[in-house]
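# Structural characterization, general
Below are the chains, spelled out letter by letter.
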Amino acid sequence: MLFPLLASFQLAAATPTVYNGREGHTAVAIPRIEADVTIDGRFDEPVWRDAALLTGFSLYQPVDGRPAPDSTEVRVWYSATAIYFGIRAFEPHAAVSATQADRDRISTDDNIEIHLDTFDERNRAFVFIVNPFGVQADGTKSEAGGFIPGSNVMPGQNDLSADFIWQSKGHVIEGGYEVEVRVPFSSLRYPTKSVQRWGIQFDRHVQHSGYEETWTPAVRASASFVSQEGTLTGMTGMHHGEIVELNPELTNTVNGAPCCAPTLRTWNYDANPQLGGNVRWTRGSNFVLNGTVKPDFSQVEADATQVAADERFALFYPEKRPFFVEGADQFNVPNTLVYTRTIVQPDGAAKITGKIGRTDVAWLSALDQNQADIGRRPLVDVVRLRQNFGEQSLAGLLYSDRVGDGRENRVVGGDSHIVFGGKYFAQFQLAESMTRANGATLSGPLWEAVVDRTGRSFGFHYNIIGIHENFRADNGFVPRTGYIQPSISNRYTWYGKQGATLERFNVFTSMNAYWGYDDFSSGKNLLEDHASAQMQFTLRGGWNVGLTPRISTYAFDRRDYADLLSPSASGGVPPTAFIPANRIETLVSGFSISTPQFRAFAASVGTTLGNDVDFLETSRVLRTDYNASLDLRPSDRLRVSATYVSSAFTRRRDDERSAFTYIPRLKIEYQLARPLFVRVVSQYTATRREPLRDPRTGEILLVGGSGSTTPSTASSGNVLRTDWLVSYRPAPGTVLFLGYGGSMSEPDPLAFQQLRRTSDAFFVKASYVFRAPVF
């Protein structure tokens, strides 16, 4: 485990920082033209006639290796301060799908992604996305590591957290659409070289067919999508400059709650005005310094409630706060050892992200609030270094600490991602934590090894991970410790003939098992094992059908149930320690179907049914889950999104419905203008949990540990939450938000008859970005 990790660092250090062009990549020299154009979506200036013309798109999804059925032309040129793109997308088969949406909400529109790999590393890129009206989405794409810190974005997916300053405008024409784009060099990071060489790709998404088409032919038999990009060569004389941004923020939240028993008819309101600010200094073309004092980390839309199918572990929610989003990809560490939502409400924070040669450098420091009210406030520091070597491989180091609040936690680790043979990559990680709290010191390792093959018809992903029970990452998200898990996954793909009803069939077969960390070598005390087959049918026209049967077995560690007691069947006998059920076997199956994105709507439905386990009381249950979504677009400015999620457990022993959760959600957005929209989100969360019962005797369990006589009781909640928002955001960082949110509750789920207001809040935020070039 340690040898390949150390070897990758040695290889990274020995790899030169300058390397030549690659065989097989399409290269184009775009012209430099000193001219000004108006970004209006029309190519009527003479400069567009002299731009480089890129054509010949190929199909990538659902089947690669075929000419794109939709013709696309892209014109490209650059000046001293910006790069320009003129996109003409032809659509002879159906009407263009486009809306006047808010920023980053155009994934259900026809759109084209522009990928700029400005460091020519072939493993990550800036991403700029436009729909036919020129509405923008932007972010980054990274193919190494794990989740982007605080996001639910997997490696290789677009992370749209970041917002850049660029211009775009488009319009629908007969038989397609045209979009004009200008990306200033000051919004990008790139090497400090006199002659630039950038990777570039154009990725078109066609909603009526579900097709994805690329400029350079991208194949599925590759460990990397980004590496199959083309190349821009010979770019010279580019001016980036140094830019300082000052961003004062004014926020005020007025919270209301009922007061004064017994009627609770009087309402008390308290205001919390706050003045804060951010500073951002762009040092040349590849370093950014961010600072903030009393930042506003509020969110204008609450996290959508998730259903916890396994209540033993915490749920993951993505990071949405602008300060942490900046440069988040440079803190990317496998197994989410950096998760910035653990920094709750700092008085101040600072961050540096940049690049020296082929080494990424990132540092974050924050003084957080004191959550336990013990000792001094926690000081958080995170340092991440990542070295590129070869064409697509990486090796990284991490140091992370959180000191204060009566606790010290430090994590040191290294990881590597090695791409070889075109279709393969290997990934290794080793980390050690040390935690001091309550006079005790605990330490333990985390380690992982992965090998992966991405072929066209066959692929695999094999890995083994171990996390010691004493491993802690206070600045990360590690919901489970004390186990070793090997996993084997294989993928088989069948492609239909051109024009066939079934365009592609995928099946992912997976087997994994969990042992206690100290039991793996002996093979004893298997905690869990799982086997599943995830099948997906992609049909012509963009329809998708999924089917996933899953078989599992579970054993239960008595230490996890030390707070539960079993009452005696006869009076006068003291309760005894709860003994969990013996190993339980389960079989559940999931089914889903989703429509393509039609011009006016899209929909999906799904269900999960079968015999499962209730981990809180270790009983056998019948699990019944349902989910459905409906997205309506009555006009190009109005969007209505309705979702429903439910989960219910019925105890097999007595046929009692022991737990349920129902969550209907409705979101309505109206785009008054490109920077201005009005939104209302209403969500009803109904939950109930019956008293915990002994799976052997059926008696209600006692809670509270040894000597307790307190029986488990039922719990429930029926809450309707509604949030209104008026949002004006003409540019990243310059915003005006006006909002109101209120919660109501009632005794019976989804009755809507005795709703009573329980809390509300008014919210206003105003901020403005002052930008000034240093030179």
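Residues numbered from 1 in each chain as written. Predicted model: local features only at pLDDT ≥ 70, side-chain atom pairs only at ≥ 80, totals over all residues. Heavy atoms only, no water.

## Overview of the sheet that holds strand S11 (residues 167–173)
Across the sheet, 5 strands lie side by side as S2-S5-S6-S12-S11; this open sheet has antiparallel pairing. Two strands bound the open sheet, and with one partner strand each, they are strand S2 (52–54) and S11. With direction set aside, neighbouring strand axes in the sheet form an average angle of 15 degrees. Pairing of strand S5 (residues 72–78) with strand S6 (residues 82–90) involves 7 bridges; the strand directions are antiparallel. (Pairing = 2+ DSSP bridges. Helix = DSSP H or I, 4+ residues; strand = E, 2+ residues; numbered from the N terminus. Axes fitted to C-alpha atoms, helices over the stretch in contact; angles between N-to-C directions.)

## Considerations on the pairing of strand S29 (residues 526–539)
Here 13 bridges tie strand S28 (residues 502–516) to S29, and the two strands are oriented antiparallel to one another. Its bridge partner lying in S29, Leu502 is registered against Leu539. Here 10 bridges tie S29 to strand S30 (residues 543–554), and the two strands are oriented antiparallel to one another. Within S30, the position partnered with Leu539 by the bridge is Trp543.

## Notes on the confidence of the model for the protein
Averaged over every residue, the pLDDT of the protein is 89; residues scoring 70 or more account for 91%. Every residue in residues 299–313 is under pLDDT 50, and counting partners more than four places away or in other chains gives 44 contacts. (pLDDT = per-residue confidence, 0-100. Contact = heavy atoms within 4.5 Å.)

## With respect to unusual backbone geometry
For the bond running from Gln61 to Pro62, omega is 0 degrees, close enough to zero to count as cis. At Asp104, a position not held by glycine, the phi torsion is positive, near 70 degrees. Note that Asp104 resides in the loop between S6 and strand S7 (111–117). Under the relative-accessibility criterion, Asp104 is labelled partly exposed at 23%. One non-glycine residue with positive phi stands out, namely Asp120, at about 55 degrees. The residue Asp120 is located in the loop between S7 and strand S8 (124–130) in this model. For Asp120, a relative accessible area of 6% gives the class buried. (Buried < 20%, exposed > 50% of the residue type's maximum accessible area, 1.4 Å probe, protein only.)

## Re the sheet that holds strand S32 (residues 576–577)
Spatial strand order, S32-S31-S39-S40: 4 strands in an open sheet with antiparallel pairing. On the outer flanks of this sheet lie S32 and strand S40 (710–711), each paired with one strand and no other. In the sheet, strand S31 (residues 564–566) pairs with strand S39 (residues 702–703) via 2 bridges, with the strands oriented antiparallel. By the bridge assignment for S39, Leu565 is matched with Leu702.

## As for the side chain of Asp612
Residue placement: Asp612 occurs in strand S34 (residues 601–614). The exposure class assigned to Asp612 is buried, which follows from its relative accessible area of 9%. Here Arg623 takes part through its side chain, which lies 3.1 Å from a polar atom of the side chain of Asp612. (Polar contact = N/O pair within 3.5 Å; in protein donor to acceptor, adjacent residues only side chain to side chain.)

## Structural notes on the pairing of strand S17 (residues 266–283)
Here strand S16 (residues 243–259) pairs with S17 via 17 bridges, running antiparallel. When the sheet's bridge partners are listed, Pro258 is paired in S17 with Trp267. Where S17 hands over to strand S18 (residues 287–293), the hairpin turn is made up of 3 residues, of which Gly284 adopts a positive phi near 65 degrees.

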